[in-house]
Amino acid sequence: QIPFGRRLPCDIYWHGVSFHDKNIFSGQVNKFPGMTETVRKITLTRAMRIMQDLFPLEYDFYPRSWILPDELSLFVSQFHTAKDSDPSWKPTYIVKPDGGCQGDGIYLIKDPGDIRLTGSTQSRPAVLQEYICEPLLVDKLKFDIRLYVLLKSLEPLEIYIAKDGLCRFCTEPYQEPTLKNLHQIFMHLTNYSLNIHSGNFIHSESGNTGSKRTFSSVLCSLSTTGVDSKKVWSDIISLVIKTIIALTPELKVYYQSDIPAGKPGPTCFQILGFDILLMENLKPMLMEVNANPSMRIGHERELSPGVFENVPSPVDEEVKVAVIRDTLRLVDPQKKKKKDTHLEDVRTNRSAKGRLRCITSLGKETNHSLECSSWATSDLKQAPEASEKLPDAAKSVEAALPSVCLRQVFPKYASYFNHLCLMDKVAALFIHFLGVKGTTRLGPTGFRTFIRNCKLSNSNFSMAAVDILYIDITRRWNSMSIDKESGMCLQAFVEAFFSLARKKYKLLPLQEQVSMLIEFCEKRVAALHGRRLVWGCG
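Per an unreviewed UniProt entry, the protein goes by the name TTL11 polyglutamylase and belongs to Vireo altiloquus.

Next up, the structure:
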């Protein structure tokens, strides 16, 4: 710990909350620039909504959502339309403050009139979602799953999921929401920070009992009732990969702003907390993504008024220590250096032995060829083993550690998900035309340059119309933004891009329209870049 500032460079920097040190020029940092902003409830909802527009069947794991207060009138209109068509319809919604955590400010409603719009706390931006009324129950209790996900690299994308997680249980038996029980938070909200204050909360030394259990123990218990645990895990892995694919465009914009290409800077990794709810039919639903999941392995117990002691939690320790330990093992730069050095030594020694045998072969060319061929094959077979070998001290440490709990899921399963990465390409175009390094907003000149270079204006869509499109979309998005920066943000650019795709490729599904416009723009940009290279050589 360096409370008074850092003096020397480090291999790994572990920040408590967010990426905030502008004087890091090497090594690895445990936070991505912009991650906290990207996974806020409103930003996450917008990112998921974009993907739901493009791939509605692939992204049906995120509840239908509205952003408050901007979409309040839209929600009220849709609510009354649905109610008029089916008077017996009795939906439930959950309201979550945008910057809230640990259950702060969350409440359930049955009617739009119950939305709290007065008072400093209630009036802050929020997300309103359809409440999942049919969750899977264990011991008649509602629960959610906290899974730990390591985003090891953004470019190329590399994702790991911990083999075990935590199940946080409510402390009152679940009943479907009614006007009478809407306010019973211990029945409806799974947040640990809320339920720990319930008189029914059970602290357990075991991972398969109590109000907080390991996910593996719950899954094992469900398996005895006929649940296909492999299918549940497969669906959860798919949910995690798809969610991160939805978030990476925004992250790449922040990343290039803080760590511009071509300049010295650190690489980044980050542990994320995914909160997932299993429905009664075992379909996983994404509740939220936490940029700073709690890594505490204990809880406070009040001995007397104002006097507390820290009590260890074996369940937390079992899961969280493994996640941090194996994250450090995966990103350890010294381990890679030792592996590379040792492998090079092995190859050098074998090469020397090979030359010696060739010299002593007394010119027998046939044998010479066969021998060298067999050594090469031997090297290929043994290289993976050699690359795993470490100097004795490091080897003894590795041997003493448990097997790695983090399982790579991307790029391992990339072939199943690459078709979803359309927004990465849109983000690449956005970054290309930003012009000014260190910014996340596209100015009017940059937008005009994008239109001109990609030849998207014509007699039916003049540059004056381009300016109007930019002004209308940017003004609306900036009015909804908290930071009130000028210029077009990525999500506003995506809206403009979709509008252009609809104009250019009418009568096609949105996904095809966007794909075709991306390909068209990429070809124009590549052709322009090629001409510039030729002009430069000339």
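Novice: Hey, could you run me through the packing of helix 2 (residues 41-54) against helix 15 (residues 490-504) in this one?
Specialist: Helix-helix packing: each pair is described by the crossing angle between the helix axes and the interaxial distance. Running from N to C, helix 2 and helix 15 point in directions that differ by 20 degrees, and their axes come no closer than 11 Å. Here helix 2 lies roughly parallel to helix 15, going by the angle between them. Between helix 2 and helix 15 the crossing geometry is left-handed. On helix 15, the residues touching Thr43, Arg46, Ala47, Ile50 and Leu54 of helix 2 are Gln491, Val494 and Phe498.

Novice: Mind showing me how you'd approach the nonpolar core here?
Specialist: Counting 103 residues, the largest nonpolar core has Phe274, Met423, Phe447, Phe450, Phe497 and Val514 as its most contacted members. Here this core takes 13 residues from helix 7 (residues 229-258), the largest share from any one element. Residue contributions to this core reach at least three from each of two domains, namely domain 1 (9-29 + 134-337 + 402-419) and domain 2 (421-535). In contact with Phe450, not counting residues within four places along its chain, are Phe433, Leu456, Phe493, Phe497, Leu500 and Cys521. Counting residues in hydrophobic clusters, the runner-up holds 14 residues, among them Tyr160, Phe269, Val319 and Leu406.

Novice: So what exactly am I meant to see when it comes to the packing of aromatic side chains here?
Specialist: This model, assessed by the stated rule, comprises 20 aromatic pairs. Both rings, one in Phe143 and one in Phe169, keep their centres 5.1 Å apart while their planes meet at 25 degrees; by these two values the pair is stacked. Here the residue Phe143 occupies a position in strand 8 (residues 141-153), and Phe169 occupies one in strand 10 (residues 166-169), the gap between them amounting to 26 residues. With respect to burial, Phe143 and Phe169 carry one shared label: buried. Consider the rings of Phe447 and Phe493, whose centres lie 6.5 Å apart with planes at 90 degrees: the pair is edge-to-face. In this pair, Phe447 is assigned in helix 13 (residues 444-453) and Phe493 in helix 15, connecting sequence segments 46 residues apart. Residue Phe493 is classed as buried on the basis of its relative accessible area, which comes to 1%. The ring of Tyr107 has Arg116 sitting right over it, with the charged end atom 3.9 Å from the ring centre. Just above the ring of Phe520 sits the side chain of Lys504; from NZ or CZ to the centre is 4.3 Å.

Novice: Just checking my understanding: could you explain the side chain of Ser198 for this structure?
Specialist: Its place among the elements puts Ser198 in the loop between helix 5 (192-195) and strand 11 (212-214). Polar side-chain contacts of Ser198 include one of 3.0 Å to the backbone nitrogen of Asn200. Once you skip the residues sitting within four places of it in the chain, Ser198 turns out to touch Thr171 and Phe186.

Novice: Sorry, what's going on with empty space enclosed by the protein here?
Specialist: Empty space left among the atoms is revealed by rolling a probe the size of a water molecule over them. Within the structure shown, the criterion is met by 1 cavity of 30 Å³ or more. There is about 100 Å³ of room inside the largest cavity. In terms of lining, the largest cavity is formed by Thr38, Ala47, Ile50, Met51, Ala246, Leu247, Pro249, Glu250, Met423, Leu490, Gln491 and Val494. Secondary-structure elements contributing two or more residues to the lining of the largest cavity are helix 2, helix 7 and helix 15. Ranked by residues supplied to the lining of the largest cavity, first place goes to helix 7 with 4 residues. Taken together, the residues that form the lining of the largest cavity break down as 9 nonpolar, 2 polar and 1 charged.

Novice: Help me understand the pairing of strand 9 (residues 158-162), please; the structure alone is not making it clear to me.
Specialist: The side chains of a regular strand alternate between both faces of the sheet. In terms of burial, strand 9 is a largely internal element, 5 of the 5 residues being buried. Along strand 9, one buried face is formed by Glu158, Tyr160 and Ala162 and the opposite face, lined by Ile159 and Ile161, is buried too. The pairing of strand 8 with strand 9 spans 4 bridges and is classified as antiparallel. What sits directly across from Leu150, in strand 9, is Tyr160. The loop that links strand 8 with its antiparallel partner strand 9 comprises 4 residues.

Novice: Even after reading the chapter, I still don't get unusual backbone geometry, so can you show me in this structure?
Specialist: Excluding glycine, a negative phi dihedral is what most residues carry, and trans is how most peptide bonds are arranged. The residue after Leu68, namely Pro69, is reached through a cis peptide bond having omega 5 degrees. With respect to the helices and strands, the residue Pro69 is situated in the loop between strand 3 (65-68) and helix 3 (72-85). Geometrically, the link from Glu155 to Pro156 is a cis peptide bond, its omega value of 5 degrees lying close to zero. For Pro156, the location among the structural elements is in the loop between strand 8 and strand 9. The residue Leu282 is not glycine, and still its phi comes out positive at about 75 degrees. Structurally, Leu282 is set in the loop between strand 13 (270-278) and strand 14 (284-290). On the accessibility criterion, Leu282 (21% relative accessible area) is partly exposed. For Lys455, which is not glycine, the phi dihedral falls at a positive 55 degrees. Within the secondary structure layout, Lys455 lies in the loop between helix 13 and helix 14 (463-480).

Novice: Any chance you could explain the pattern of salt bridges here in plain terms?
Specialist: For side chains bearing opposite charge, pairing can occur when the charged atoms are close. Overall, the coordinates contain 19 salt bridges when judged by the stated rule. Between Glu71 and Arg49 there is a salt bridge, and its shortest N-O distance comes to 2.7 Å. You can see Glu71 sitting in the loop between strand 3 and helix 3 and its partner Arg49 sitting in helix 2, a full 22 residues away along the chain. Among the salt bridges present, the one from Arg213 reaches Asp139, with a minimum N-O distance of 3.0 Å. Separated by 74 residues along the polypeptide, Arg213 in strand 11 and Asp139 in the loop between strand 7 (137-138) and strand 8 bring together distant segments of the chain. Here Asp139 falls in the exposed class, since its relative accessible area comes to 55%.

Novice: How should I be thinking about helix 3 in this particular structure?
Specialist: Each full turn of the α-helix corresponds to 3.6 residues, which orients residues three or four apart in the same direction. Taking 1.5 Å of rise per residue, the 14 residues of helix 3 would be expected to cover 20 Å, and the 20 Å separating its terminal C-alpha atoms lies within 8% of that figure. Along helix 3, the positions that sit buried rather than exposed are Leu72, Phe75 and Phe79. Each buried residue of helix 3 lies within a common arc of 60 degrees when the element is viewed along its axis, so the set occupies one face. The exposed residues of helix 3 that point more than 90 degrees off its buried face are Ser73, Thr81, Asp84 and Ser85. Looking at the packing, one finds that the buried side of helix 3 touches strand 3, strand 4 (93-97) and strand 6 (126-130).

What counts, and at which threshold
Residues numbered from 1 in each chain as written. Predicted model: local features only at pLDDT ≥ 70, side-chain atom pairs only at ≥ 80, totals over all residues. Heavy atoms only, no water. Axes fitted to C-alpha atoms, helices over the stretch in contact; angles between N-to-C directions. Helix = DSSP H or I, 4+ residues; strand = E, 2+ residues; numbered from the N terminus. Parallel < 35°, antiparallel > 145°, perpendicular 65-115°, else oblique. Left-handed = near helix turned anticlockwise from the far one by under 90°. Contact = heavy atoms within 4.5 Å. Core = buried A, V, L, I, M, F, W, Y, C linked by side-chain atoms within 4.5 Å. Buried < 20%, exposed > 50% of the residue type's maximum accessible area, 1.4 Å probe, protein only. Domains from an automatic or database assignment. Phe/Tyr/Trp six-rings, centres within 6.5 Å; stacked < 30°, edge-to-face > 60°. Lys NZ or Arg CZ within 6 Å of the ring centre and 35° of its normal. Polar contact = N/O pair within 3.5 Å; in protein donor to acceptor, adjacent residues only side chain to side chain. 1 Å grid on protein atoms, 1.4 Å probe; cavity = no way out; pocket = protein on both sides within 12 Å on 5 of 7 lines; lining within 4 Å. Points joined across faces, edges and corners; volume = space filled by probe spheres on them. Nonpolar A, V, L, I, M, F, W, Y, C, P; charged D, E, K, R; others polar. Pairing = 2+ DSSP bridges. Salt bridge = Lys/Arg side-chain N within 4 Å of Asp/Glu carboxyl O. Expected span 1.5 Å × (residues − 1). Arc of directions from axis to C-beta.

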